[in-house]
Amino acid sequence: MLLFQPSTRPRASRGKIGLAIAGGGPIGGMYELGALRALDEAIEGLDLNDLAVYVGVSSGAFLAAGLANRISTEQMCRIFITGDPDDVPFRPEAFLRPAFAEYGKRMAAMPRVLLGWWRDLLLHPRSIGISDAMQRFGDLVPTGLFDNAAVERFLRDAYSRHGRTNDFRELKRKLYVVAVDIDSGEAVRFGSEGWDDVPISRAVQASAALPALYPPVDIRGRQFVDGALRRTMHASVAFDSGVDLFIGLNPLVPIDNASARRGAKGKYDNLSRGGLPMVLSQTFRTLLQSRMQVGMTRHAQQYDDVDQLVFEPNPSDGEMFFTNIFSYSARQHLCEHAYRNTLDDLSARRAELAPVFARHGLRLRVEVLDDPARSLTAGLGEPAYRQTDATASLRRALDDVAALVRQRRAERG
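A few points on the structure. Note that the coordinates shown come from a computational prediction; the quantities given were computed from them, not determined experimentally.

With that settled, the discussion passes to empty space enclosed by the protein. Scanning the entire structure with this criterion turns up 2 cavities of 30 Å³ or more. Its volume calculated, the largest cavity comes out at about 70 Å³. As for the largest cavity, its lining consists of F62, G66, I71, M76, I79, F80, V88, F154, L155, A158 and Y159. Where the lining of the largest cavity is concerned, the elements lending two or more residues are α2 (59-68), α3 (73-82) and α7 (149-158). In terms of residue class, the lining of the largest cavity is made up of 10 nonpolar, 1 polar and no charged.

Moving on, we come to helix α1 (residues 25-42). Taking 1.5 Å per residue as the helical rise, α1 with its 18 residues ought to reach 26 Å, and the 26 Å between its terminal C-alpha atoms agrees with that figure. The buried count for α1 comes to 17 of 18 residues, which makes it a mostly enclosed element.

Contact geometry for α7 and helix α8 (residues 200-207): axes closest at 8 Å, N-to-C directions at 145°. The way α7 lies across α8 gives a crossing that is right-handed. Along its contact with α7, which presents A149, V151, E152, L155 and R156, the element α8 presents S201, R202, V204 and Q205. In terms of residue class, the contact of α7 with α8 is made up of 4 nonpolar, 2 polar and 3 charged.

Contact geometry of α1 with helix α13 (residues 331-348) gives a least axis separation of 7 Å together with a crossing angle of 45°. In terms of axis orientation, α1 runs oblique to α13. For the element pair α1 and α13, the recorded crossing hand is right-handed. Residues I27, M30, Y31, L33, G34, A35, R37, A38, L39, E41 and A42 of α1 form the contact with α13, whose participating residues are R331, L334, C335, H337, A338, Y339, N341, T342, L343 and L346. A per-class count over the contact of α1 with α13 returns 14 nonpolar, 4 polar and 3 charged.

This part takes up a positive patch on the surface. Judged by side-chain charge, R189, R230, R231, R291 and R298 come together as a positively charged surface patch. Looking at the secondary structure, you find R231 in the loop between β8 (222-226) and α9 (236-239).

Let's shift gears to the pattern of salt bridges. In this structure the tally under the stated criterion is 19 salt bridges. Measuring nitrogen to oxygen at the nearest pair gives 3.0 Å for the salt bridge that ties R14 to D244. Residue R14 is located in the loop between β1 (2-5) and β2 (17-21), and its partner D244 is located in the loop between α9 and β9 (245-249); the two are separated by 230 residues in the primary sequence. We classify D244 as buried; its relative accessible area is 1%.

Bringing the packing of aromatic side chains into the picture now. Counted according to the given criterion, the structure contains 7 aromatic pairs. Plain terms: the ring middles of F80 and F154 are 6.1 Å apart, the flat faces sit at 55° to each other, and that makes the pair tilted. Of this pair, F80 sits in helix α3 while F154 sits in helix α7, and the two are 74 residues apart along the sequence. Through a chain of ring-to-ring contacts, the aromatic side chains of F190, W195 and F224 assemble into a single cluster. In this arrangement the basic side chain of R220 is found over the ring face of W195, its NZ or CZ atom lying 4.3 Å from the centre.

Conventions used here
- Residues numbered from 1 in each chain as written.
- Predicted model: local features only at pLDDT ≥ 70, side-chain atom pairs only at ≥ 80, totals over all residues.
- Heavy atoms only, no water.
- 1 Å grid on protein atoms, 1.4 Å probe; cavity = no way out; pocket = protein on both sides within 12 Å on 5 of 7 lines; lining within 4 Å.
- Points joined across faces, edges and corners; volume = space filled by probe spheres on them.
- Helix = DSSP H or I, 4+ residues; strand = E, 2+ residues; numbered from the N terminus.
- Nonpolar A, V, L, I, M, F, W, Y, C, P; charged D, E, K, R; others polar.
- Expected span 1.5 Å × (residues − 1).
- Buried < 20%, exposed > 50% of the residue type's maximum accessible area, 1.4 Å probe, protein only.
- Axes fitted to C-alpha atoms, helices over the stretch in contact; angles between N-to-C directions.
- Left-handed = near helix turned anticlockwise from the far one by under 90°.
- Contact = heavy atoms within 4.5 Å.
- Parallel < 35°, antiparallel > 145°, perpendicular 65-115°, else oblique.
- Patch = residues over 30% accessible without salt bridge, like charges linked within 9 Å, V, L, I, M, F, W, Y side chains within 5 Å.
- Areas by Shrake-Rupley, 256 points an atom, 1.4 Å probe, with all protein chains shown as cover.
- Salt bridge = Lys/Arg side-chain N within 4 Å of Asp/Glu carboxyl O.
- Lys, Arg positive; Asp, Glu negative; His and termini not counted.
- Charge placed at Lys NZ, Arg CZ, Asp CG, Glu CD.
- Phe/Tyr/Trp six-rings, centres within 6.5 Å; stacked < 30°, edge-to-face > 60°.
- Lys NZ or Arg CZ within 6 Å of the ring centre and 35° of its normal.

Below, the structure is given as structure tokens:
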């Protein structure tokens, strides 16, 4: 589903495009990758590796940081989907290793907690109830099931190859990765002044630390968790950077279960039959989308000279809702699904989008939109030759020259 909010006070575009990518776990990230690949192929003039500003939240921070580091959508599809990249290998199992260190720390505290509980039970037996016991023994529950150290190692390795960088300050374009300080509730923009010395890999690890799944990440003695706790996309970061066109991706939306069942994709006649996980999922998705829609309305008023496009799954999309959010095995299917949905959304709104895109120097590729057999994996073609640091640097230099030529042509009119 495409949420399109054209500017009410259009002006001459300076070609500044901002991209904000929300979170959604591994499956949400794969949906967003499919959508990004569709935008890459369907919009002529859009260079996703050369935008004015990138904002990444949670799993979306993986993609935003990759694009800002000039990892193309094709390369990311090869890394995460087809498994035939020319550089960094991706092993899903590394992201789901139990957090044994966290377990050990909590178990080590058990004697102290038990001793305190027994002492109070003997001295004040009438004041110790079930709620008190739950609070005391809550200290023994790990803050995360899985170890997210592998996330940081994977990204640090990826950004150390082929002329990439793990330093916000060395990027040619602005990148902001948002995480939340769990002790204060403050949202911190890594990449902004005062926080740009934190390694990108560490910032992404913190932004993707979904509570209960991954433990908080310690940075400068502060404990950081998933950036979505405060806002869904943190789109205002991009708007404040003075963009002319804003593109957002939000993979988590509440399902219209009745429509999903009519489309033979729903699993239950009512979601409560799926138990607590289904109810929590629908609640969480509803809250995220509601915040995002309120933000879009506010931004349309505050930044009335900026065009907004936000891509989401359709409300009847049972594929996104009923697929396990942490299932890596479904990543290729979901990525293809998002790719086709995004092309369909662009095609259905082409009449509205064409004049807006033209103002920003963009054009929809009709031959891509009108090809019903087009698929993400088929469009990747044969794996590229294995590049070296020298060839990667040469390609980056050629890309810089091409971008400079496009800029000069745009300035001439």
